[in-house]
Amino acid sequence: MSTLEVRNLVKDFKVRGGLRRSTLRAVNGVSFTLEAGRTVAVVGESGSGKSTVARMIAQLETPTEGQILLDGAPIGRRGRALAAYRHQVQMVFQDPFASLNPYHVVEHHLTRPLKIHGVARGKEVRPAVHALLERVNLTPPELYAAKRPHEMSGGQRQRIAIARALAPGARFLVADEPVSMLDVSIRLGVLNLLARLQREENLGVLYITHDLATARHFSDEIVVMYRGDVVEQGPSDEVILDPQHDYTKTLLAAAPEPSRHGRLRGEVRAELAGQAAAGYEVYPATW
Amino acid sequence: MTDRPRLTLRLAGHGKLVVGLAIVAAIALFAIVGPMLTQNPRSSDNPALLPPQPGHWLGTTSLGYDVLAQLAEGARGSLLVGVVAGSLAIVLSLVFGVVAGYTRGWADEGLSLITNVMLVIPGLPLMIVVASYLQVRSLWVVALILGATAWPGSAIVLRFQARSLRNRDYVSAARVAGERTPRILLVEILPNLLPLLTAQFLFAVVLAILGEAGLSYLGLGPNGSITWGTMLNEAQGGSALTRGAWWWFIPPGLLIAVLGCALSLVNFSIDEVINPRLRQAPAAARSVRKARKAGLDITAYDGGDGPAAVPAVGVSAPLGDEPREKVQA
């Protein structure tokens, strides 16, 4: 059983404002364990540090403190050890309009990871690219392989980004708000695709999101973050159905609930104001 | 019939590009073919200071050189200097700009420091000092000097652009995929800099051609070679101006100006490709002007008065405009 363990992760950013220098603690002591075949969701509002956690796990940022362990061993940060880590852990970015190079065709985006990680060589590459495209439901693959990012819709682009992350044969996938930039009507399709691939590959998925409903539906464990701190952590249903922390309750209250559709805005705001008394800033949804 | 308006439309959109490229192509063709069709530019067998006439279409110099032949040979020299110096400048600005922008820490600090120092060193005096140090200056040496002093401006621009690109998600994605830094620079970042690089290259070429002309005019140009700059220098030395030999100094001067103008036109159209808003700018300004003039026009049409109201608008619009602008200010 392969595991990706995060222990007491801390990230400080240096903030320069004129002559003053200060540090901003974006992530303060986050710990969780990601197992193959399971999904951990990290939820929180914008600026809660959840994306920084994702970037640290993808080794785009170096943690200030704390450890990341792959199968119990501290991960390598340079050279071959880093390449080996990238072979195991891949990432899907939030914005599919930004994460694909506008200059290159789809084939380039998928060919590179295949070649870098030695998954396919020479004549095998093209069939491998086509197989990847078929796995993310982009058929006929010949058509999509020749396209450039701007010729595709947001959902199609995110499928390309997912295919790219799958290309090295990774066992862990970090999905940083994979559907937040997509049209609501296609979000479920992309999420179901991720869930299916997870089952097929027995992937461990770290699902970063601000959407509690999909977090509960797609993940086994939920980590709730607020301003860098983990305020609540546990099995999904427990966190959603029996929230212990005030912030989690606030988040739940702010989420739209179809069954309570038609409540007056004032009613909701009063409810949220009660939560806000606990000291959390609340942005009431206006629907 | 259907094709003609479409073609003009297409040309209307890229008029600057078409005109610029046509002039550049014509001058390049002149540089390539011209020397084969004209007489030896170094033969002084001709009568001195002949005005333009059949046989010597641009006349001769005080030493009996054929001006047209010199102009064609000079086109070769000037273009060679321009292209070599422009290429060198762009390579240097790539190294100092893109590498500095992509890396962090000491490499960035060091490269930026050199760039900033080079930026504040005044270019032309430096060129003069270096050029006067060297007793033997070939065309290539002059091109190297010009190229080595022309890069810091574009390096600064490239550095900021690369800094912005390095934080793009697709660069992060390439890093997560396991791409190595040189490949990220060359394959992921560089293609997205191409329009900017092209513009900077053309600008560097113009600068180098002008710089070469300046150096040569001061007598610090390449010795033994003919360029438009050395022609101007000789025209000055032969007091072409006082003798009224306009055919000696106007053609090289004019060609320098026309070539610079043409390359700038190409540059402008590249700018418009990078930033499509520029293309709409003239049209937008025009519509704003129209709207201002039509300030009362709109109400007139609302009232259904039609063309009858138009003359009155022309008179009253300037009066009506002023107070409105004051309110806005």
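Residues numbered from 1 in each chain as written. Chains lettered and ligands numbered in written order. Predicted model: local features only at pLDDT ≥ 70, side-chain atom pairs only at ≥ 80, totals over all residues. Heavy atoms only, no water.

## Structural notes on the overall build of chain B
- Helix and strand counts for chain B come out as 15 helices and 0 strands.
- For chain B, buried positions account for 41% of its 329 residues.
- Of all intrachain contacts in chain B linking residues separated by at least 6 positions in sequence, the fraction that spans at least 24 positions is 69%.
- Here chain B has roughly 17,800 Å² of accessible surface; of this, 68% comes from carbon and sulfur atoms. (Helix = DSSP H or I, 4+ residues; strand = E, 2+ residues; numbered from the N terminus. Buried < 20%, exposed > 50% of the residue type's maximum accessible area, 1.4 Å probe, protein only. Contact = heavy atoms within 4.5 Å. Areas by Shrake-Rupley, 256 points an atom, 1.4 Å probe, with all protein chains shown as cover.)

## Some points on a positive patch on the surface
Residues and elements named next belong to chain B.
- A surface patch of like charges, here positive, comprises Arg 286, Arg 289, Lys 290 and Lys 293.
- Position of Arg 286 relative to the elements: it lies in helix H13 (residues 277-293).
- Owing to a relative accessible area of 45%, Arg 286 belongs among the partly exposed residues under this scheme. (Patch = residues over 30% accessible without salt bridge, like charges linked within 9 Å, V, L, I, M, F, W, Y side chains within 5 Å. Salt bridge = Lys/Arg side-chain N within 4 Å of Asp/Glu carboxyl O. Lys, Arg positive; Asp, Glu negative; His and termini not counted. Charge placed at Lys NZ, Arg CZ, Asp CG, Glu CD.)

## Regarding the interface of chain B and chain A
- On the chain A side, the residues contacting the 15 residues of chain B number 22 residues.
- Regarding the contact of chain B and chain A, the summed buried area is about 1,600 Å², with carbon and sulfur atoms giving 55% of it.
- Ranking the residues of chain B by area buried against chain A places B:Asp169, B:Val176 and B:Ala177 at the top, with a combined share of 36%.
- Across the chain B-chain A interface, the total number found is 1 salt bridge.
- Two residues, A:Arg112 and B:Glu179, come together in a salt bridge whose shortest N-O distance is 2.8 Å.
- Our count for the chain B to chain A interface comes out at 9 residue pairs in polar contact (both at pLDDT 80 or more). (Buried area = accessible area lost by both parts, 1.4 Å probe. Polar contact = N/O pair within 3.5 Å; in protein donor to acceptor, adjacent residues only side chain to side chain.)

## Observations concerning the side chain of A:His130
- Looking at the element boundaries, A:His130 is found in helix H4 (residues 125-135).
- Not counting the four nearest positions on each side in its chain, A:His130 is found in contact with A:Pro141, A:Glu142 and A:Ala145.

## As for the nonpolar core
- One finds A:Leu133, A:Ile162 and A:Ile222 to be the most contacted residues of the largest nonpolar core, which totals 48 residues.
- Residues in contact with A:Ile162, not counting those within four places in the same chain, are A:Val92, A:Val136, A:Val190, A:Leu193, A:Leu194 and A:Leu197.
- A:Val89, A:Val174, B:Ala173 and B:Val176 belong to the second largest nonpolar core, which has 31 residues in total. (Core = buried A, V, L, I, M, F, W, Y, C linked by side-chain atoms within 4.5 Å.)

## Focus: the pattern of salt bridges
All names here are of chain A.
- Evaluation of the coordinates by the stated rule reveals 15 salt bridges over all chains.
- A salt bridge links Arg 55 to Glu 61, with the shortest nitrogen-to-oxygen separation between them at 3.6 Å.
- Relative accessible area serves as the criterion here: at 22%, Arg 55 is assigned to the partly exposed category.
- Looking at Glu 61, the relative accessible area reads 19%, which means it is buried.
- Within this structure, Lys 11, Arg 55 and Glu 61 form a network of salt bridges that share partners.

## So, the environment of B:Ala204
Residues and elements named next belong to chain B.
- Examined against the element boundaries, Ala 204 turns out to sit in helix H9 (residues 181-217).
- Measuring from C-alpha to C-alpha, the distance between Ala 204 and Gly 153 comes to 9.9 Å, with 51 residues separating the pair along the chain.
- The contacts of Ala 204, once residues within four sequence positions are left out, are Gly 86 and Ala 89.

## Notes on the confidence of the model for chain B
Residues and elements named next belong to chain B.
- For chain B, mean pLDDT is 79; residues scoring 70 or higher make up 83% of the total.
- The spread of mean pLDDT over the elements of chain B runs between helix H15 (residues 310-328), the lowest at 42, and helix H8 (residues 169-177), the highest at 90.
- Across residues 298-329, where pLDDT falls below 50, the model places 14 contacts with residues more than four positions away in sequence or in other chains.
- Scored as a complex, the prediction yields pTM 0.72 and ipTM 0.83. (pLDDT = per-residue confidence, 0-100.)

## Observations concerning a nonpolar patch on the surface
- A cluster of nonpolar residues, B:Leu29, B:Ile32, B:Val33, B:Met36 and B:Leu37, forms a patch on the protein surface that exposes about 540 Å² of accessible area.
- Tracing the backbone shows B:Leu37 in helix H2 (residues 15-37).

## Here we look at the packing of aromatic side chains
Residues and elements named next belong to chain B.
- Scanning all chains against the criterion turns up 3 aromatic pairs over all chains.
- The lysine or arginine in question, Arg 159, covers the ring of Phe 160, its NZ or CZ lying 5.6 Å from the ring centre.
- The ring of Tyr 102 carries Arg 166 above its face, with NZ or CZ at 5.1 Å from the centroid. (Phe/Tyr/Trp six-rings, centres within 6.5 Å; stacked < 30°, edge-to-face > 60°. Lys NZ or Arg CZ within 6 Å of the ring centre and 35° of its normal.)

## So, the side chain of B:Asp66
Residues and elements named next belong to chain B.
- Tracing the chain through its elements places Asp 66 in the loop between H2 and helix H3 (67-102).
- What makes Asp 66 buried here is its relative accessible area of 3%.
- Those residues in contact with Asp 66 that lie beyond four places of it in its chain are Gln 39, Asn 46, Gly 55, His 56, Gly 59 and Thr 60.

## What about the environment of A:Leu60?
- Tracing the chain through its elements places A:Leu60 in the loop between helix H1 (50-57) and strand S4 (65-70).
- Separated by 145 residues in the primary sequence, A:Leu60 and A:Val205 place their C-alpha atoms 18 Å from one another.
- With residues up to four places along the chain from it excluded, the contact list for A:Leu60 reads A:Arg55, A:Met91, A:Phe93, B:Ser172, B:Arg175 and B:Val176.

## Focus on the packing of helix H5 (residues 123-133) of chain B against helix H6 (residues 139-149) of chain B
Residues and elements named next belong to chain B.
- Across the interface, H5 lies against H6 with an axial gap of 10 Å and an inter-helix angle of 150°. In this view, H5 runs roughly antiparallel relative to H6, as classed from their interaxial angle. Note that H5 runs across H6; the crossing there is right-handed. Along its contact with H5, which presents Leu 126, Met 127, Val 130 and Ala 131, the element H6 presents Ile 145, Leu 146 and Thr 149.
- Here the residues of the contact of H5 with H6 sort into 6 nonpolar, 1 polar and no charged. (Axes fitted to C-alpha atoms, helices over the stretch in contact; angles between N-to-C directions. Parallel < 35°, antiparallel > 145°, perpendicular 65-115°, else oblique. Left-handed = near helix turned anticlockwise from the far one by under 90°. Nonpolar A, V, L, I, M, F, W, Y, C, P; charged D, E, K, R; others polar.)

## A closer look at H1(A)
Residues and elements named next belong to chain A.
- By the criterion of burial, H1 is predominantly enclosed, with 6 of the 8 residues buried.
- What H1 keeps buried is the set Lys 50, Thr 52, Val 53, Ala 54, Met 56 and Ile 57.
- The first or second residue beyond H1 is Gln 59, which carries a positive phi of 60°.

## Some remarks on the pairing of strand S3 (residues 39-43) of chain A
Residue and element names in this part refer to chain A.
- Burial analysis of S3 places 5 of its 5 residues in the buried class, which makes it a mostly covered element.
- Residues Thr 39, Ala 41 and Val 43 of S3 are buried on one face, and the alternating residues Val 40 and Val 42, pointing to the opposite face, are buried as well.
- As paired elements, S3 and strand S8 (residues 204-209) share 5 bridges and run parallel to each other. Bridge pairing in S8 links Ala 41 to Tyr 207.
- Bridge analysis of S3 against strand S9 (residues 221-226) gives 4 bridges, and the strand direction is parallel. In the strand pairing of S9, Val 42 is matched with Val 223. (Pairing = 2+ DSSP bridges.)

## Topic: the pairing of strand S1 (residues 3-17) of chain A
All names here are of chain A.
- Pairing analysis gives 13 bridges linking S1 to strand S2 (residues 20-35), with the strands arranged antiparallel. In the strand pairing of S2, Arg 16 is matched with Arg 21.
- Connecting S1 to the antiparallel partner S2 that follows it, the hairpin turn spans 2 residues, and Gly 18 within it adopts a positive phi of roughly 65°.
- Sheet analysis places S1 next to S4, joined by 5 bridges and oriented antiparallel. Each bridged residue has a counterpart across the sheet, and for Glu 5 the counterpart in S4 is Leu 69.

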